[in-house]
Amino acid sequence: MKRDITLKINGQSYEVRIEEDALLMDVLRKNLYLPGTKKGCGEGECGACTVLVDGVSELSCLMYAVMAEGKEITTIEGLSKGGKLDPIQEAFVEASAVQCGYCIPGMIMSTKNLLDKNPHPTEAEILDGMSGNICRCTGYKKIVDAVKLAAEKRA
Amino acid sequence: MVGLSIVKPTCLEEALALLNDDTFVIAGGTDVAIQVHTKPNVTKLVDVNGILKKGIEETKDSVIIYALTTHTDVMESPIIAKWAPALKQACSQVAATQIRNMGTIGGNVSNASPAGDSIPALLVVDTKVTYVDAQGEKTIALKDFFTGPGKTVMNKRGLVTKFEFAKADNLKTAFTKVGKRNAMAISVVNCAVGLYLDGDKIEKANIVLGSIAPTTLHIKKAEEYLFGRKFAEVDLNAFWSLVFNSINPIDDIRSTAAYRKQVAANVARSTLITAYEGGK
Amino acid sequence: MPSMIGKGVPRVDAVAKVTGTAQYVYDMQFPGMLWARVLRSTIAFGEIVSIDASEALAMPGVRAFLTGKEIGDDLHGTSLCDEPILARDIVRFYGEGIGVIAADTEEIANEALKKVKVVYREMKPVFDVEEAFSENPPAILHPDLRTYKTSRPPKFIENRPNVYHSHRIQSGDLEQGYTDSDVIVEHEWRTAKIQHVQMEPHCAIAEVEANGDVTVHASINTLYACKNIFCRAFNLPKSKVRVRTYAVGGGFGGKQNITTMGVTYALAKATGRPVKYNLTREEVFIGACTRHPTVIRVKDGVKKNGTLMARDIEVLLDGGGYSEFGFLVVMNCCYAAIGTYKIPNFRIRSYGIYTNAPICGAYRGFGNVQVQWATECQNDLCAEAIHMDPMEFRLKNVLIDGDRNPGREIVFNNEAKQCMEWVEKGMETLKEKLERKPLPPNKVRGYGVSGGNKYSMAPTSSMAYVKMYEDGVVEGRIGGDEPGQGLFTVCAQMLAEIFELPMSEVRIIGGDTQICPYDEGSISSRATYNNGNAIRLAAEDCIRQIREKAAIKMNVPAEKLKVANKRVYNTDNVLESIDVRDLYDLNIMATGLYVKEGGEFCGKATWFQGTCKPNENYNSDRLCSFYTQGAQGIAVLIDKETGKVDIEGIVSSYDTGNPINPPLVEVQIEGGAMMAIGSALMEAMIMDEKGQTINANLTNYIIPTFKDMPLESHHMTNIAKSYHPNGPFGAKGLGEGTMSCTAPAIANAIYDAIGVRFYDLPITAEQIMAELNKKAAEGDPAKAKETVEVREPATIGV
């Protein structure tokens, strides 16, 4: 069954016709051409598809798009404003926290969720706050550095 | 194209009328969006966001957690930290942030997974669950709610609306989770302990283990053994043996029966000590 | 201009990756594109009697269905051609592709797959590698093996019909070595089947034009190898095929198979439309590539003074249904044992063996990590047998420059000793930090060390073009891949260094066989060394052209001229210089510049790394490009109540030559350690009795998370001082070696903590509890009442 819905993404409204049971992840990637939100597993285990829903990090692979109607969705594409990187994005660049990069949009969205709630996290809080995002390249250490640097930049 | 329809009822009655064996109730979606892949009979999801309540309230004598309260809400609540620290610990060890932001307590309990982490922690504070079905609203002890893995007394025809437990100044609790890694893990064993104390005497004990039986279990013999005993007089090895001999877990993809049996007894003992010495 | 070498400049692709604009094939959609899904076998071994897709084809939106026979490919492989794109008559593992569907959407294709009916005639499979290796195996996977086409002749073993290749390196006299030894240490070691779990699953999009030109966009980590194997499989001329890669979301050796390219090409040809195939995470486990499970037997002879006198190794590599890159793994895993230690009497024999399991191929380390799992644990056992400190034992036997290694190579640029000494000191610091606080109850701590190496393949070749634009910006084109290691960044740094330009004025183009020259891929830790050398040489060629042109313009001999910062300088008179623009002429429209004769300033070069021909024992002065060396120390904390192992600290030192970008080197070292922690403690693909992988998902095949790593202050990473004489700016390579030390160091640390030696990977909490129970029963009968029988993890009944 097709359904017409309106999604609010990165401050803009999108009208889109979707299968009723389409997942938000697939709608973002396939219908709206916003592939910054990654698909890594489709089963809620890797965090690559993390987006902010009303300011809170959620997994777009476990969310039906129809249930996201009326909510403010923020994706990685909505983070940098006017060509200027968000301080979190800057921190990931400067801390050499990026390798293959496929997990990075999700990592950045989780960092935003963490720092919005807890601007000065301890290392243990960083490890906990980021642990829903899997990276296979970096060994995480430099991502922890990036989160610490992002916290400093936002202070 | 599983071909699911997703309906959003506007009131409880409408929602209840939609429930049958081929529907799933969806709130946070963290379990449902996975389970639909292995349940081809399910054709309809009933979205209860908007008709159930969310939030934690404190009354004079009790704490109320509404069904749509997320794991994150619970772990960040000062009320829970004060009156049920084991529940805070349990919720903060569920999967990871995103799942905790999405998944609801009502969903975790209704899903009735034997490995669900919030369940033992709710049981050790003697939580009562309120649900509605066609016959109306019912409030029962949570320990009587589960009938099997994925099965509850609601029999797919009801909706959990809230949980309530009494505030007890003399209650100390603790929670332990054993997973295959330190985050994003499904419990191989989990354990919660609640001790109602009169000084150093145990007035009543709740010893609850998850992932070792078709449902989360109170270890009755261990609870009876502790009943009325001073903590200093508890023989921890005897307690260990009582737990060990009370359970009969199974092999599955995550672990072996033998490992679970031994580790369940070990963590029951260590969680008991933590609850008494460090718990609040 | 400050040097760009050794600087931690940001990656050239970092901004694209943090903004979500980096292009990955998994994300791409083309107009009119169809989606492919592969039908997979539900038996491990047997004959395909019939496939009926009529019901699927009748569904709206379904555009084509092809069986393996209809794909129209020749058998392919890296050297031994044993593999079809999809199974034709025989399926050889559970989950093997047997047909492929194209539909308007991925969802329709999924539904259509369920409607295809397949009839099989099952045959008795073989899953156990030792049974498969035997002279009378229960199943022979490839009865026609000896008739397959090959490009490098396999070494078969007479009477062992499932062996697809074997290899041997030998030197000295083993029997004499054992006679001269005081102690013999002999054990058998095993590793499990594991998977790369690249975050971007495998995928490809194929387009076929009316004239037959083929373009394939794919997430692969060996651009030209995949193109060449693909062309051979479909008998396509090299000039008709263009393969493109973009940002590749992780490789680790696991994106070298052409299945996705093959099925999308066949469907694109059949439908006239672009066709895309994205693997699901489940398919990544069963339908892509895995690491060889191994059985490794090692017999060591040691003198009481710590001299390693003799080592004999036999390696059985469980290759799965097809040889793929596993053909080369059989040969190249042998280098692991010759890279780090002096062993006067030595032999290693390896065997690649077919079993009815998903394909095993290249996986970070190319078999060397498995071999060193055995040898580096053996080193600890040897040291213990003669009451010597494990690191002292290693240092006593470590190779230094000028030695000959057990393959009789002349050793040079080997900083293993430096790495080991750094780790020895680092471990003291780590211990001091960890032991400040008392141990929590029921916890026990242990420390372990390991050495490790990884050779890089040779002979091998890379090519490059380097072009200067009229605005002075310099572009390098390479055929190397960027699966995340940072190749494009280090090559850009080299260009910036050579042309004395800031990073913003140089760029690297890669991943397109139509516009980038030949390379052998981001494999074998070879990319920086080989692409870097090619870039360096091509840059020199470009500069030669600029200087020759400027010499005429400036009337100064070319050898006196220097190119820097978009200008050409007279080195005899630095005040005399011209802008590079002055080397061009203004066109008649006055809109642009051109070079009047000789063409654009465009350098090209080939870097070739040769070897010395090995003798019959595979001995030679030089077998490899270089060896990455390393050492690592690990601290573990074990919970005696749950058997759980936490990694409390990691101390790493690796010799990667002169690091071009030190933070990129560090992040590789830290990433390799993490991947190896997974392999040591968590990861194993589990098959049921039918050969079906029952944990082909990230819920039950678990890999490390943030919380499984040590705290930053307990995680120390060092890059050894080193300079490879043949490397670009002294650099070598690194990617694979970073996994070589970790698993043995963990096992050695566990032994230190609880006195139990584990021989098989992964080491699980269940196994640790079982061993602790055994010890408790032996040591303290009173404790035995808490002992229960603990069995191996279940493989059935889920």
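Owing to the predicted nature of the structure, the values given are computational and were not obtained by experimental measurement.

Asker: What am I meant to see in the overall build of chain C here?
Answerer: Secondary structure summary: chain C contains 18 helices and 30 strands in total. Its C-alpha atoms give chain C a radius of gyration of 28 Å, near enough to 28 Å, the size a compact globule of 798 residues would have. Along the longest, intermediate and shortest principal axes, the C-alpha atoms of chain C span 100 × 70 × 55 Å. Within chain C, the fraction of its 798 residues that count as buried is 66%. Nonlocal contacts in chain C, meaning residues at least 24 apart in sequence, comprise 78% of its contacts between residues at least 6 apart. Carbon and sulfur atoms make up 50% of the accessible area of chain C, which amounts to about 27300 Å² in all. Side chains of chain C carry 86 positive and 100 negative charges; the gap between the two charge centres is 2 Å.

Asker: What am I meant to see in the interface of chain C and chain A here?
Answerer: Accessible area lost when the parts come together is the quantity often used to give the size of an interface. The interface of chain C with chain A comprises 53 residues on the first partner and 50 residues on the second. Between chain C and chain A, roughly 4500 Å² of surface is buried when both sides are summed, and carbon and sulfur atoms account for 59% of that area. Taken as a group, M199, F706 and E712 of chain C account for 21% of the area that chain C buries against chain A, more than any other trio of residues on that side. For the pair chain C and chain A, the interface holds ten salt bridges. One salt bridge in this structure joins E670 of chain C and K141 of chain A, with 3.6 Å as the shortest N-O distance. The tally of links from chain C across to chain A stands at 30 residue pairs in polar contact (both at pLDDT 80 or more). Counting only elements with at least two residues in the side of chain C that touches chain A, the list comes to α1 (14–18), α4 (106–113), α16 (662–681) and β30 (715–719) of chain C. With eight residues, α16 of chain C is the single largest residue contributor to the side of chain C that touches chain A. When grouped by side-chain class, the residues that make up the side of chain C that touches chain A number 25 nonpolar, 16 polar and twelve charged.

Asker: Mind showing me how you'd approach the domain arrangement of chain B here?
Answerer: Taken domain by domain, chain B comprises domain 1 (5–47), domain 2 (56–166) and domain 3 (171–277). Put simply, the middle of domain 1 of chain B and the middle of domain 3 of chain B, counted by C-alpha atoms, are 34 Å apart.

Asker: Would you explain the interface of chain B and chain C in this entry?
Answerer: In this complex, chain B contributes 28 residues to the contact, which on the side of chain C involves 32 residues. A combined buried area of about 2700 Å² lies between chain B and chain C, and 56% of that area is made up of carbon and sulfur atoms. At the surface where chain B touches chain C, the tally comes to two salt bridges. Measuring nitrogen to oxygen at the nearest pair gives 3.1 Å for the salt bridge that ties E766 of chain C to K180 of chain B. Where chain B packs against chain C, one counts twelve residue pairs in polar contact (both at pLDDT 80 or more). Where the side of chain B that touches chain C is concerned, the elements lending two or more residues are α10 (236–246) and α11 (257–277) of chain B. With nine residues, α11 of chain B is the largest single contributor of residues to the side of chain B that touches chain C. Class assignment of the residues belonging to the side of chain B that touches chain C gives a composition of 14 nonpolar, eight polar and six charged.

Asker: Any chance you could explain the sheet that holds strand β19 (residues 460–468) of chain C here in plain terms?
Answerer: Strand pairing in a sheet relies on backbone hydrogen bonds. The paired strands run either parallel or antiparallel. Residue and element names in this part refer to chain C. Spatial ordering of the open sheet is given by β21-β20-β19-β27, a layout of four strands whose pairing is mixed. Lying at the two open borders of the sheet, with one neighbouring strand each, are β21 (506–509) and β27 (602–609). The sheet shows a mean angle of 20° between the axes of neighbouring strands, taken without regard to direction. Where β19 meets β27, eight bridges bridge the pair, whose relative direction is antiparallel. Looking at β27, one finds that S462 is bridged to W607. On the sheet, helix α14 (residues 487–499) packs against β19, β20 (474–478) and β21 and is oriented at approximately 140° with respect to β21. With respect to the sheet, helix α15 (residues 527–554) is in contact with β19, β20, β21 and β27, its orientation differing from that of β27 by roughly 145°.

Asker: Could you clarify how one ought to interpret the packing of helix α2 (residues 87–94) of chain A against helix α3 (residues 104–117) of chain A in this entry?
Answerer: Helices that pack against each other are described as a pair by the angle of their axes relative to one another and the distance between those axes. All names here are of chain A. For the pair α2 and α3, the least separation of the axes is 10 Å and the interaxial angle reads 125°. Comparing the axis directions of α2 and α3 gives the class oblique. Regarding α2 and α3, the two cross each other, and that crossing is right-handed. Here α2 contributes I88, Q89 and F92 to the contact with α3, which in turn contributes I104, M107, I108, T111, K112 and L115.

Asker: What is the right way to look at the packing of aromatic side chains in this model?
Answerer: In this description, a pair of aromatic rings is defined by centroid distance and the angle of the planes. Applying the stated criterion across every chain, the model contains 20 aromatic pairs over all chains. Ring centres of F230 of chain C and F234 of chain C lie 5.2 Å apart, and the angle between their planes is 50°; on these two criteria the pair is classed as tilted. With F230 of chain C and F234 of chain C both in helix α7 (residues 223–234), this residue pair falls four residues apart, about one helical turn. Neither F230 of chain C nor F234 of chain C differs from the other in exposure class; each is buried. Consider the rings of Y529 of chain C and W607 of chain C, whose centres lie 5.9 Å apart with planes at 80°: the pair is edge-to-face. Taken together, the positions of Y529 of chain C in helix α15 and W607 of chain C in strand β27 put the pair 78 residues apart, joining distant regions of the chain. For the pair Y529 of chain C and W607 of chain C, one class covers both residues: buried. Taken together, the aromatic side chains of Y131, F145 and F146 of chain B make up a single cluster linked through ring pairs. In this structure, K261 of chain B packs its charged tip against the face of F244 of chain B, placed 4.7 Å from the ring centre.

Asker: Where do I start with the pattern of salt bridges in this structure?
Answerer: Should the charged atoms of two oppositely charged side chains come close, the side chains can pair. Inspection of every chain in the model, using the stated rule, returns 82 salt bridges over all chains. For K54 of chain B, the salt bridge is made with D73 of chain B, and the minimal N-O distance between the two is 3.0 Å. Placement of the pair is K54 of chain B in the loop between β3 (44–47) and β4 (56–58) and D73 of chain B in helix α3 (residues 71–75), with a sequence separation of 19 residues. The exposure class of K54 of chain B is exposed, given its relative accessible area of 52%. On the basis of relative accessibility, which here comes to 26%, the residue D73 of chain B falls in the partly exposed class. The residue D104 of chain C makes a salt bridge to R63 of chain C at a minimum N-O spacing of 2.6 Å. Taken together, the residues span a long stretch of sequence, with D104 of chain C in the loop between β5 (97–103) and α4 and R63 of chain C in strand β3 (residues 62–67) at a distance of 41 residues. Judged by relative accessible area, which is 29%, D104 of chain C ranks as partly exposed. A relative accessible area of 42% means that R63 of chain C is categorised as partly exposed. A single network of salt bridges, built from pairs that share partners, joins E130, E188, R190, R297 and E314 of chain C.

Asker: What exactly am I supposed to notice about the side chain of E376 of chain C here?
Answerer: Residues and elements named next belong to chain C. Tracing the backbone shows E376 in helix α11 (residues 368–385). E376 gets classed as buried once you look at its relative accessible area, which sits at 1%. Within polar-contact distance, the side chain of E376 engages the side chain of S450 at 3.5 Å. Here the side chain of E376 touches G451 through a polar contact of 3.2 Å, landing on its backbone nitrogen. Residues within four places of E376 in sequence aside, it is in contact with Y341, R394, S450, G451, G452, P744 and N748.

Asker: How do you make sense of α15 of chain C when you look at a structure like this?
Answerer: One full turn of an α-helix is made of 3.6 residues, so residues set three or four places apart face in the same direction. Helix length check: α15 of chain C, at 28 residues, gives a terminal C-alpha distance of 38 Å against a target of 40 Å (1.5 Å per residue), a fit within 8%. Remark: N555 of chain C follows α15 of chain C within two positions and exhibits a positive phi of approximately 55°.

Asker: Is there a simple way to think about the packing of α14 of chain C against α15 of chain C in this case?
Answerer: Residue and element names in this part refer to chain C. Between α14 and α15, whose axes approach to 10 Å, the crossing angle comes to 30°. It follows from the interaxial angle that α14 and α15 lie roughly parallel. The two elements α14 and α15 meet at a crossing, and its hand is right-handed. Of the residues in α15, those in contact with L487, V490, C491, M494, L495, I498 and F499 of α14 are A527, T528, N531, G532, I535, R536, A539, C542, I543 and I546.

Rules behind the numbers
- Just so you know, the residues in each chain are numbered from 1, in the order the chain's sequence is written.
- All chains are assigned letters beginning at A, and all ligands numbers beginning at 1, according to the order in which they are written.
- The predicted nature of this model means local features are confined to residues of pLDDT at least 70 and side-chain atom pairs, given and counted, to a pLDDT of 80 or more, with totals for whole chains, interfaces and linings taken over all residues.
- Side-chain metrics rest on all non-hydrogen atoms present in the structure, leaving aside hydrogens and water.
- Secondary structure elements are defined from DSSP: runs of H or I of at least 4 residues count as helices, runs of E of at least 2 residues count as strands, and each element is numbered from the N terminus.
- Computation of the radius of gyration draws on C-alpha atoms, with the globule rule given as 2.2 Å multiplied by the number of residues to the power 0.38.
- Relative accessibility thresholds used throughout: buried, under 20% of the residue-type maximum; exposed, over 50%; partly exposed, between the two (1.4 Å probe, protein chains only).
- Note on contacts: a residue pair qualifies if any of its non-hydrogen atoms lie within 4.5 Å across the two residues.
- Calculation of accessible area relied on Shrake-Rupley with a 1.4 Å probe; when residues are assessed, cover is drawn exclusively from the protein chains displayed.
- Charge counting treats Lys and Arg as positive and Asp and Glu as negative, with His and both chain ends excluded.
- The location of each charge is read from NZ of Lys, CZ of Arg, CG of Asp or CD of Glu.
- What gets called buried area is simply the loss in accessible area from a 1.4 Å probe that two parts show on being joined, summed for both.
- In the sections that follow, a salt bridge refers to a side-chain nitrogen of Lys or Arg positioned within 4 Å of a carboxyl oxygen of Asp or Glu.
- Within 3.5 Å is the distance limit for a polar contact, defined as a pair of N or O atoms, with the added protein rule that one can donate a hydrogen and the other accept it, and that residues adjacent in sequence qualify only through two side-chain atoms.
- Only Asp, Glu, Lys and Arg are considered charged in this grouping, and only Ala, Val, Leu, Ile, Met, Phe, Trp, Tyr, Cys and Pro are considered nonpolar; every other residue, Gly among them, is considered polar.
- For every domain, the bounds stem from an assignment made automatically or drawn from a database.
- Think of it this way: DSSP has to see at least two bridges between two strands before they count as a pair.
- All axes here are fitted lines through C-alpha atoms, helices being fitted over the stretch that makes contact, and every angle between N-to-C directions spans 0 to 180 degrees.
- Working definition: roughly parallel below 35 degrees, roughly antiparallel above 145 degrees, roughly perpendicular at 65 to 115 degrees, and oblique for all remaining angles.
- Two helices crossing with the near one rotated counterclockwise from the far one by less than a right angle form a left-handed crossing, whereas a clockwise rotation gives a right-handed crossing.
- For Phe, Tyr and Trp, where Trp contributes only its six-membered ring, two rings pair if their centres lie within 6.5 Å, and the inter-plane angle classes them as stacked under 30 degrees, edge-to-face over 60, or tilted in between.
- Counting as a charge over the ring demands two things of the Lys NZ or Arg CZ atom: a distance within 6 Å of the ring centre and an angle within 35 degrees of the ring normal.
- A helix's residues, less one, multiplied by 1.5 Å, set its expected span.

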